[in-house]
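A look at the structure
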Amino acid sequence: MSKVEPSMVERILAIETSCDETSAAVLIEREPGGGPAARELAGLVILSQDIHRVFGGVVPELASRAHVKTIGSVVDRALSDAGIGLGQVDGIAVTAGPGLVGALLVGVMYAKALALSLERPFIGVNHLEGHLFAPTLEAPTAERPWLEPPFVGLLVSGGHTMLLDVPAWGDYRLLGQTLDDAAGEAFDKVATLLGLGYPGGAPLERLAREGKRGRFALPRPMLHELAHDGPHRYAFSFSGLKTAVLRAVRASDDLARDRADIARDFQDAAADVLVAKTAHAVEALGYERAMVGGGVACNRVLVERLRARLADTAAVSVASPRLNTDNAAMIAAAGAWRLARGERSGPDLEPRDDLPLPGLRLASPALGTTA
């Protein structure tokens with residue numbers, strides 16, 4: 001990545017193909033850092049690949065092929081919705097990772113070709129950084145205030161569970177992450193065990209509303225670590241919780257009767273851990289803002305409990321469900337910030353399935369220094 005003098009990039013075309021959504025967006029950025037009135041999400045298209053439902057999970061090769069077939073029409077539709085032609089684009093942003101390498105490659109190669117043919121600045125964006133920027137795409141409300149650092153960010157999706165201290169944009173301090181399965185993966189696997197299909201987050205939340213609390217004594221993994229200053233204070237683990245659900249399902253003599261109660265107790269257990277660790281970090285840092293991003297941020301129980309827990313301490317920003325799932329709008333927002341700083345990617349940009357957050361550092365357990 002190279003850097004030039006900071007300059008205004010007003011109309012940004014963004015592309016997202018990290019997994020099984022082909023997405024393109026057009027963001028009009030009139031004043032970088034100028035707040036919600038200075039930007040307009042002029043076009044956003046998200047095309048989901050339903051074929052993976054048959055297999056109970058994303059099949060990487062099928063995802064890549066679907067991206068190849070649809071990316072051109074998705075980009076064209078986003079430009080049309082924005083009312084601009086391709087030649088009016090000032091800059092291009094694309095997800096460079098993390099994600100499925102084959103799927104990422106489709107978006108990166110397409111974005112490179114556009115940037116070279118149009119002679120426009122081009123930037124590869126970290127998918128997780130996109131989730132951090134997602135709440136900045138919507139006008140603030142009393143429930144969803146404008147997000148700006150410093151804040152604590154909880155990123156929860158099918159592939160990642162990560163708690164971050166964000167003292168400034170581009171400066172990310174890792175407080176903790178999952179040691180095994182991501183929260184979203186746990187929701188999907190439990191939904192499969194309960195016969196709800198894939199993806200499982202939304203149907204599991206609906207089923208849990210019908211359940212009674214406390215029938216199944218499910219663990220709160222690593223919650224006790226909050227009482228210690230060790231390296232795992234803010235770490236997560238969901239594999240044991242999944243195993244406990246599996247045992248409950250196998251022990252049930254009437255799963256049709258027990259399904260809703262199991263779903264309720266699983267959701268409560270997962271939310272209890274996520275809320276407790278996020279709230280603890282916010283209070284330890286003395287921040288007045290927190291955010292939740294990623295697909296699991298669509299879970300209303302998680303968000304409502306975090307808001308209730310921090311009601312007297314901090315505001316919690318959560319984007320609308322469409323902007324919490326994988327989408328190009330959040331990539332446009334993060335890309336706009338980096339392009340405005342003069343950052344540029346070159347034709348040698350390659351996607352990475354393990355791409356780290358730029359500027360990521362490891363925070364100490366005491367939160368006062370970095371290691």
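An account of the accompanying structure is given in this report. No experiment lies behind these values; they were computed from the predicted model shown.

Rules and cut-offs
Every chain is numbered on its own, with residues counted from 1 as its sequence reads. pLDDT decides what is reported in this predicted model: residues at 70 or higher carry local features, side-chain atom pairs at 80 or more are listed and counted, and totals for whole chains, interfaces and linings draw on all residues regardless. In computing side-chain values, all of the structure's heavy atoms are included and hydrogens and water are not. Working definition: helices are DSSP H or I runs of at least four residues, strands are E runs of at least two. Numbering for both runs from the N terminus. Note that the radius of gyration is over C-alpha atoms, with the globule rule given as 2.2 Å times the number of residues to the power 0.38. The rule is simple: take the accessible area with a 1.4 Å probe, protein chains only, and divide by the maximum for that residue type; under 20% is buried, over 50% is exposed, in between is partly exposed. Note on areas: Shrake-Rupley with a 1.4 Å probe; residue coverage comes only from the protein chains shown. Expected span of a helix: the number of residues minus one, times 1.5 Å. Arc, as used here, means the arc of the directions from the helix axis to the C-beta atoms. Residues count as neighbours in contact if any of their non-hydrogen atoms are within 4.5 Å of one another. Only strands joined by at least two bridges in the DSSP assignment are considered to pair. In plain words, nonpolar cores are sets of buried Ala, Val, Leu, Ile, Met, Phe, Trp, Tyr and Cys residues tied together by side-chain atoms within 4.5 Å. Only C-alpha atoms enter the line fits that serve as axes; for helices the fit covers just the stretch in contact. Angles between N-to-C directions range over 0 to 180 degrees. Between N or O atoms, a polar contact is any pair within 3.5 Å; within protein, one atom must be a potential hydrogen donor and the other a potential acceptor, and residues adjacent in sequence are included only when both atoms are from side chains. Think of a salt bridge as a Lys or Arg side-chain nitrogen and an Asp or Glu carboxyl oxygen that are within 4 Å of each other.

Helix and strand counts for the chain come out as ten helices and 13 strands. Its C-alpha atoms give the chain a radius of gyration of 21 Å, near enough to 21 Å, the size a compact globule of 371 residues would have. The principal-axis extent of the C-alpha atoms belonging to the chain is close to 65 × 50 × 35 Å. Per-residue burial over the chain gives 55% buried out of 371 residues. Of the roughly 15,300 Å² of accessible surface on the chain, 52% is carried by carbon and sulfur atoms.

So, on to helix 6 (residues 239-251). Its 13 residues place the ends of helix 6 18 Å apart at the C-alpha level, agreeing with the 18 Å of an ideal helix rising 1.5 Å per residue. For helix 6, the full list of buried residues reads Leu-241, Lys-242, Ala-244, Val-245, Ala-248 and Val-249. The buried residues of helix 6 occupy one face: seen down the axis, they fall within an arc of 160 degrees. Exposed side of helix 6, more than 90 degrees from the buried face: Arg-247, Arg-250 and Ala-251 are the residues found there. Check the buried side of helix 6 and you find it contacts helix 4 (183-193) and helix 7 (255-285).

What follows is about the pairing of strand 3 (residues 21-29). The side chains of a regular strand alternate, first on one face of the sheet and then on the other. The buried fraction of strand 3 amounts to nine of the nine residues, a majority that puts the element mostly inside the structure. Side chains Glu-21, Ser-23, Ala-25, Leu-27 and Glu-29 of strand 3 all project onto a buried face; the interleaved residues Thr-22, Ala-24, Val-26 and Ile-28 project onto the opposite face, where all are buried too. Here six bridges tie strand 2 (residues 11-16) to strand 3, and the two strands are oriented antiparallel to one another. Counted as the bridge partner of Arg-11 is Ile-28 from strand 3.

Here the focus is the nonpolar core. A general tendency of soluble globular proteins is for nonpolar side chains to be buried together. One finds Phe-266 and Val-292 to be the most contacted residues of the largest nonpolar core, which totals 52 residues. Counting only elements with at least two residues in this core, the list comes to strand 7 (151-156), helix 4, helix 5 (201-208), helix 6, helix 7, strand 10 (289-293), helix 8 (300-309) and strand 11 (315-318). Among the elements that make up this core, the one with the highest residue count is helix 7 (14 residues). The residues touching Phe-266, leaving out its near neighbours within four places in the chain, are Ala-186, Phe-187, Val-190, Leu-204, Leu-218, Leu-241 and Val-245. In this structure, Leu-27, Ala-93, Leu-174 and Ala-333 belong to the second largest nonpolar core, which totals 36 residues.

Read across the sheet, six strands follow the order 11-10-7-8-9-13 without closing on themselves; strand pairing throughout is mixed. Of all the strands in the sheet, the pair left with one neighbour each is strand 11 and strand 13 (360-362). Looking at each pair of strands side by side, their axes are set apart by 30 degrees on average, direction ignored. Pairing of strand 7 with strand 8 (residues 161-168), which is carried by six bridges, proceeds in the antiparallel orientation. Of the residues in strand 8, the one forming a bridge with Val-156 is Thr-161.

This part takes up the sheet that holds strand 6 (residues 122-126). The five strands lie next to each other as 4-3-2-5-6, forming an open sheet whose pairing is mixed. Each edge of the open sheet carries a strand with a single partner, namely strand 4 (39-48) and strand 6. Across the sheet, the mean angle from the axis of one strand to that of its neighbour is 20 degrees, orientation sign disregarded. Relative to the sheet, helix 2 (residues 101-118) contacts strand 2, strand 5 (91-97) and strand 6, its axis offset from that of strand 5 by approximately 155 degrees.

This brings us to the environment of Asp-268. Looking at where Asp-268 falls in the secondary structure, it is placed in helix 7. For Asp-268, a relative accessible area of 3% gives the class buried. Sequence separation between Asp-268 and Ala-332 is 64 residues, and the spatial gap between their C-alpha atoms is 34 Å. Non-local contacts of Asp-268, meaning those with residues more than four positions away in its chain, are made with Arg-213, Arg-220 and Arg-305. In this structure the side chain of Asp-268 is engaged in a polar contact, spanning 2.5 Å, whose partner is the side chain of Arg-305.

The residue after Pro-149, namely Pro-150, is reached through a cis peptide bond having omega 5 degrees. Non-glycine residue Glu-119 carries a positive phi angle of around 55 degrees. Take Glu-119: it is sitting in the loop between helix 2 and strand 6. Even without being glycine, Met-222 reaches a positive phi, approximately 65 degrees. By secondary structure assignment, the location of Met-222 is in the loop between helix 5 and helix 6.

By the definition in use, this model includes 27 salt bridges. A salt bridge links Arg-264 to Asp-268; the nearest nitrogen and oxygen atoms lie 3.3 Å apart. On the criterion of helical spacing, the pair formed by Arg-264 and Asp-268 is a turn pair, its members being four residues apart in helix 7. With respect to burial, Arg-264 and Asp-268 carry one shared label: buried. When salt bridges with common partners are traced through the structure, they connect Arg-213, Arg-220, Arg-264, Asp-268, Asp-272 and Arg-305 into a single cluster.

Limitation: the analysis is restricted to geometry and does not speak to function.
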